[in-house]
Amino acid sequence: MRVLIVEDDPVLADGLTRSLRQADYAVDCVHDGGEADHVLATQSYDLVILDLGLPKLDGFEVLRRLRRRGSKVPVLMLTARDSLQDRVRGLDLGADDYLAKPFDLPELEARVRALVRRGQSGGSAALTHGALTLDVAGRRATLNGDPLDLSARELGVLEVLMMRSGRVVGKEQLAEQLYGWDEEVGANAIEVYVHRLRRKLEPVGVSIRTIRGLGYLLEKESNG
Amino acid sequence: MAKSGTLRRQLLAWLAGPLIVMWSISTMVDYDIAKRFVNFAYDRALLDAALDIGRQVKVLNGRIYVDLPEVAVKMLQTRESGKVFYLVTGPKNEYITGEPDLPQTPHPESGRTNYYDDEYLGRPVRVVTLQLPVETGKDRGYVTVQVVEDRAPRAEFAGLILLRMMLPQVALVLLAGILVWYAIGRGLVPLSVLRSEIESRSHRDLSALSEEQVPQEVRPLIRAMNGLLQRLSKTLAAQQRFIADAAHQLRTPMAGIKTQTELALRQAPPDESQATLRQLNTATEQTIRLINQLLSLARAEPAAERAHTGERVDLTELARDAAADWVPRALARQIDLGLDSTQAPATMEGDAFLLREMLNNLLDNAIRYTQTGGQVTVRVAVDIQNITLTVEDNGPGIPESERERVFERFYRVLGTGVEGCGLGLAIVHEIAQRHNAEVALGPRAGGSGTVIKVTFPLTP
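Reading guide: rules and limits
Residues numbered from 1 in each chain as written. Chains lettered and ligands numbered in written order. Predicted model: local features only at pLDDT ≥ 70, side-chain atom pairs only at ≥ 80, totals over all residues. Heavy atoms only, no water. Helix = DSSP H or I, 4+ residues; strand = E, 2+ residues; numbered from the N terminus. Buried < 20%, exposed > 50% of the residue type's maximum accessible area, 1.4 Å probe, protein only. Contact = heavy atoms within 4.5 Å. Areas by Shrake-Rupley, 256 points an atom, 1.4 Å probe, with all protein chains shown as cover. Axes fitted to C-alpha atoms, helices over the stretch in contact; angles between N-to-C directions. Parallel < 35°, antiparallel > 145°, perpendicular 65-115°, else oblique. Nonpolar A, V, L, I, M, F, W, Y, C, P; charged D, E, K, R; others polar. Pairing = 2+ DSSP bridges. Phe/Tyr/Trp six-rings, centres within 6.5 Å; stacked < 30°, edge-to-face > 60°. Salt bridge = Lys/Arg side-chain N within 4 Å of Asp/Glu carboxyl O. Polar contact = N/O pair within 3.5 Å; in protein donor to acceptor, adjacent residues only side chain to side chain. Left-handed = near helix turned anticlockwise from the far one by under 90°. Core = buried A, V, L, I, M, F, W, Y, C linked by side-chain atoms within 4.5 Å. pLDDT = per-residue confidence, 0-100.

Colleague: Sorry if this is basic, but what is going on with the overall build of chain B here?
Modeller: Secondary structure summary: chain B contains eight helices and 14 strands in total. Counting every position in chain B, which comprises 460 residues, the buried fraction comes to 41%. Pairs at least 24 apart in sequence give 64% of the contacts found in chain B among residues at least 6 apart. Looking at chain B as shown, the accessible area adds up to about 26000 Å², and 58% of this sits on carbon and sulfur atoms.

Next comes the structure, spelled out in structure tokens:
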């Protein structure tokens, strides 16, 4: 896995480089926009971490030129500015994700993993959560390789929860997800599916927490 | 009122001086006129008396005498305007009848009627002399009839007339004074309107004052003030920009420090250096939070250029998103964070970005200061007039004596044992003010804890 880091701050660039190298990525690092543009034009990478505020050529321009050349390499933008316009502009220009400085290292690593995986599989992959694996395309879930007996709607709920593992998923988001199967899914129905899922998953240490007034959360592996 | 009061008094003094001088002159002229008319009328009456006497002058056997009946004499002595004295003398100045001691007329014989002032018995008197031609057998000449009356009643009467004339004038002057007082007051209304506008302004409103309803004379003052306000808001905006730029500039190096610290923390053996690195990491996180809060504050300040307070935002949705974002951090501290709101949207006009910042700061504070295992609840309620956002925790609560001060910048409640920089509630306060909202902080009903309530008025 080759990753290019484009960051002009030497301390941050060094930190990122070392962190990703520890995770077994092959990392190149450049410190200005002009150099980044040159390197990206001549070599291929699996991921680019691109700072927006760069000397010589700013990140937006580097990104625009990259996409104009037809490259589909995933790009994670980094910026010190958190204005919505910058974010929208970056995503419009073809960035795949966005992270505001300063960030938590695990957060960056998680995003990098997700982007690399997406780049490889084109978006559809198996979701894993501890011993639990969900084959999104095949629509079946396994626990330590053993198939779990889940209905289509229960799978739908589990998929959304696993995609946003560790984060809150609202009942209406779940309802939206199930809309394809059911004409109308009420909040009560969602509660029923979650209840059934819990019964099947709790014995194996996967817990779905109810967050008052907000929805559900699939607890992180470390917590569960 | 003190300022306009002196202006009013000054103007009134300027008006009153000339008015009193003019009134005095007018009084003198009036008195003169009154005296003339009174004299004229009294003189005519006196002349009548003289003529009455003159008609009774008769010649018998070459001797001139006056046949004045008793009744006529009585009448002369009991006139309304005082007793009349008379003297009739012949052509050679010989005494015929009347008071012999009346002063001699200074007018030579001419056949004319003369009026003049004189003195008799020590009193000022008015005299009429009438000269009537007579013929005794051998001589032709004039009989002089001299009639005298006291001048005092005239003066009295003239005084009376003057008084009658003056009274309406006094009323007129007083009325003019009152009218001027009132008119000045009316004229100064725009000034006091302006004053109350400036007084009621919040310190964050640096927009120009309206010139429209202000008299021409006051406009230069308004313009000068507007100029000052403009310079002030430019300076403030520059300051805000500086803080925002500085905060932005600090983010990249802080990201570097944080990344390096986290990296080192992973590799360090569990000994002293690990503890040092953990302290370093905490300090870095605190500094980052301070930088972010300074940036929020700079954005929320009135001088900041961004102001999208006109957007339609759904506070329930914002609260749901913000609370959902904070759930992982709340769970990490085993705090039960939840939302309690109606399904109905709480739509209002506001700046979604700033409102989100407000929610973040409220939640950050609540989670930070609530003990492990505690509970934090966000509520959004809508009624006809207001949208109310409440964040309630069952933490230790804020002592009553500190409740006002926690909204001050960099103020921190002591003894909480929690790292913080004391900007969170200042930001909340600033953003609330930006939305004309009220922030109230109180204890939780039924137990320890804090309730922060932000009330947004719904503008129809």
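Once you've had a look at it, read on.
Colleague: What's the story with the packing of helix α7 (residues 171-178) of chain A against helix α8 (residues 187-201) of chain A in this structure? I'm lost.
Modeller: Axis angle and axis distance: for two packed helices, these are the angle between their axes and the distance between the axes, and together they describe the pair. All names here are of chain A. At their nearest, the axes of α7 and α8 sit 10 Å apart, and the two run at 90° to each other. Overall, the two elements α7 and α8 adopt an arrangement that is roughly perpendicular. Along the contact surface, α7 presents Lys171, Leu174, Ala175 and Leu178, while α8 presents Ala187, Ile190, Glu191 and Tyr193. By residue class, the composition of the contact of α7 with α8 is six nonpolar, no polar and two charged.

Colleague: What should I look at first to understand the pairing of strand β10 (residues 347-350) of chain B in this one?
Modeller: When a strand is regular, its side chains alternate between the sheet's two faces. Residue and element names in this part refer to chain B. Burial along β10 is one-sided: the residues Met348 and Gly350 are buried and none of Thr347 and Glu349 is. As paired elements, strand β8 (residues 311-314) and β10 share four bridges and run antiparallel to each other. Counted as the bridge partner of glutamate 311 is glycine 350 from β10.

Colleague: What exactly am I supposed to notice about the packing of aromatic side chains here?
Modeller: Residue and element names in this part refer to chain B. What the rule picks out here adds up to two aromatic pairs over all chains. Taking the centre distance of 6.2 Å and the plane angle of 45° together, the rings of tyrosine 42 and phenylalanine 157 count as tilted. Highlighted residues: tyrosine 42 in helix α1 (residues 2-55) and phenylalanine 157 in helix α3 (residues 152-200), separated in sequence by 115 residues. Take tyrosine 42: its relative accessible area is 19%, and that puts it in the buried class. Aromatic side chains phenylalanine 85 and tyrosine 120 sit 5.1 Å apart centroid to centroid with 70° between the ring planes, which places their arrangement in the edge-to-face category. In this pair, phenylalanine 85 is assigned in strand β3 (residues 84-89) and tyrosine 120 in strand β5 (residues 114-120), connecting sequence segments 35 residues apart.

Colleague: Honestly, the interface of chain A and chain B in this entry has me stumped. Any pointers?
Modeller: By convention, interface size is frequently given as the accessible area that disappears when the constituent parts associate. Counting residues at the interface gives 30 residues for chain A and 34 residues for chain B. Counting across the interface, chain A meets chain B through three salt bridges. Across the pair arginine 212 of chain A and aspartate 336 of chain B runs a salt bridge, and its minimum N-O distance is 3.2 Å. At the junction of chain A and chain B, the tally comes to 12 residue pairs in polar contact (both at pLDDT 80 or more). Of all the secondary-structure elements, those providing two or more residues to the side of chain A that touches chain B are α1 (10-22), α5 (105-121) and β11 (208-211) of chain A. Its residues assigned to classes, the side of chain A that touches chain B shows 12 nonpolar, five polar and 13 charged.

Colleague: I'm lost on the packing of helix α5 (residues 272-300) of chain B against helix α7 (residues 352-369) of chain B in this one. Help?
Modeller: Residue and element names in this part refer to chain B. Put simply, α5 and α7 touch, their axes get as near as 11 Å, and they point 140° apart. When the interaxial angle is binned, α5 and α7 end up oblique. Along this stretch, α5 crosses α7, giving a crossing that reads as left-handed. On α7, the residues touching Arg289, Gln293, Ser296, Arg299 and Ala300 of α5 are Phe353, Leu354, Glu357, Asn361, Asp364, Asn365 and Arg368.

Colleague: So what exactly am I meant to see when it comes to the sheet that holds β11 of chain A here?
Modeller: Backbone hydrogen bonds hold the strands of a sheet together, and the pairing may be parallel or antiparallel. Residue and element names in this part refer to chain A. Strand order across the open sheet formed by three strands is β10-β12-β11, with antiparallel pairing between neighbours. Each edge of the open sheet carries a strand with a single partner, namely β10 (168-169) and β11. Each of β11 and β12 (215-218) is contacted by α8, which is oriented at about 145° to β11, the strand it contacts most.

Colleague: Help me understand the pairing of β11 of chain A in this model?
Modeller: Residue and element names in this part refer to chain A. Relative to β12, β11 is paired through four bridges, and the arrangement is antiparallel. The residue bridging isoleucine 208 from the neighbouring strand is leucine 218, located in β12. Linking β11 back to β12 in an antiparallel pair, the connection comprises three residues, with glycine 213 at a positive phi of about 70°.

Colleague: Just checking my understanding: could you explain the side chain of glutamate 159 of chain A for this structure?
Modeller: Among the secondary structure elements, glutamate 159 of chain A is positioned in helix α6 (residues 152-163). Residue class for glutamate 159 of chain A comes out buried when judged on its relative accessible area of 8%.

Colleague: What's the story with the sheet that holds strand β1 (residues 2-6) of chain A in this structure? I'm lost.
Modeller: All names here are of chain A. What the five strands build is an open sheet, ordered β2-β1-β3-β4-β5; its pairing is parallel. Of all the strands in the sheet, the pair left with one neighbour each is β2 (26-30) and β5 (97-100). Taken over all neighbouring pairs, the strand axes of this sheet differ in orientation by 20° on average, direction set aside. One ladder, built from five bridges, connects β1 with β2; its direction is parallel. For arginine 2, the partnering residue across the bridge sits in β2 and is alanine 26. The sheet strands contacting helix α3 (residues 59-68) are β3 (47-51) and β4 (75-79), and the helix crosses β3 at an angle near 150°.

Colleague: Any chance you could explain the nonpolar core here in plain terms?
Modeller: A general tendency of soluble globular proteins is for nonpolar side chains to be buried together. Residues and elements named next belong to chain B. Within the largest apolar cluster, 52 residues are counted, with the highest numbers of intra-cluster contacts made by Leu315, Leu337, Met358, Leu362, Leu389, Val454 and Phe456. In terms of residue count, helix α6 (residues 315-332) provides more of this core than any other element does, 10 residues in total. Ignoring anything within four residues of it in the chain, the contact list for leucine 362 reads Leu389, Val391, Leu425, Val428, Ile452 and Val454.

Colleague: Can you help me understand the confidence of the model for chain B in this one?
Modeller: Residues and elements named next belong to chain B. Mean pLDDT over chain B stands at 83; residues scoring 70 or higher make up 94%. Mean pLDDT per element in chain B: helix α2 (residues 70-77) is the minimum at 81, and strand β11 (residues 375-382) is the maximum at 92. On the interface metric, ipTM, the complex scores 0.72, and its pTM is 0.60.

Colleague: Any chance you could explain the pattern of salt bridges here in plain terms?
Modeller: Oppositely charged side chains may form a pair once their charged atoms are brought near each other. Here the structure, examined in full by the defined rule, presents 39 salt bridges over all chains. The partner of aspartate 96 of chain A in a salt bridge is arginine 67 of chain A, and the shortest N-O contact between them spans 3.0 Å. Here arginine 67 of chain A lies in helix α3 and aspartate 96 of chain A lies in the loop between α4 (84-92) and β5, a separation of 29 residues in the sequence. Note on aspartate 96 of chain A: relative accessible area 29%, which makes it partly exposed. The closest approach of N and O atoms between arginine 123 of chain B and aspartate 150 of chain B, which form a salt bridge, is 2.7 Å. Here the residue arginine 123 of chain B occupies a position in strand β6 (residues 123-135), and aspartate 150 of chain B occupies one in strand β7 (residues 140-150), the gap between them amounting to 27 residues. Take arginine 123 of chain B: its relative accessible area is 42%, and that puts it in the partly exposed class. Here aspartate 150 of chain B falls in the buried class, since its relative accessible area comes to 18%. The network of salt bridges with common partners includes Asp43, Asp117, Arg126, Glu149, Arg151 and Arg154 of chain B.

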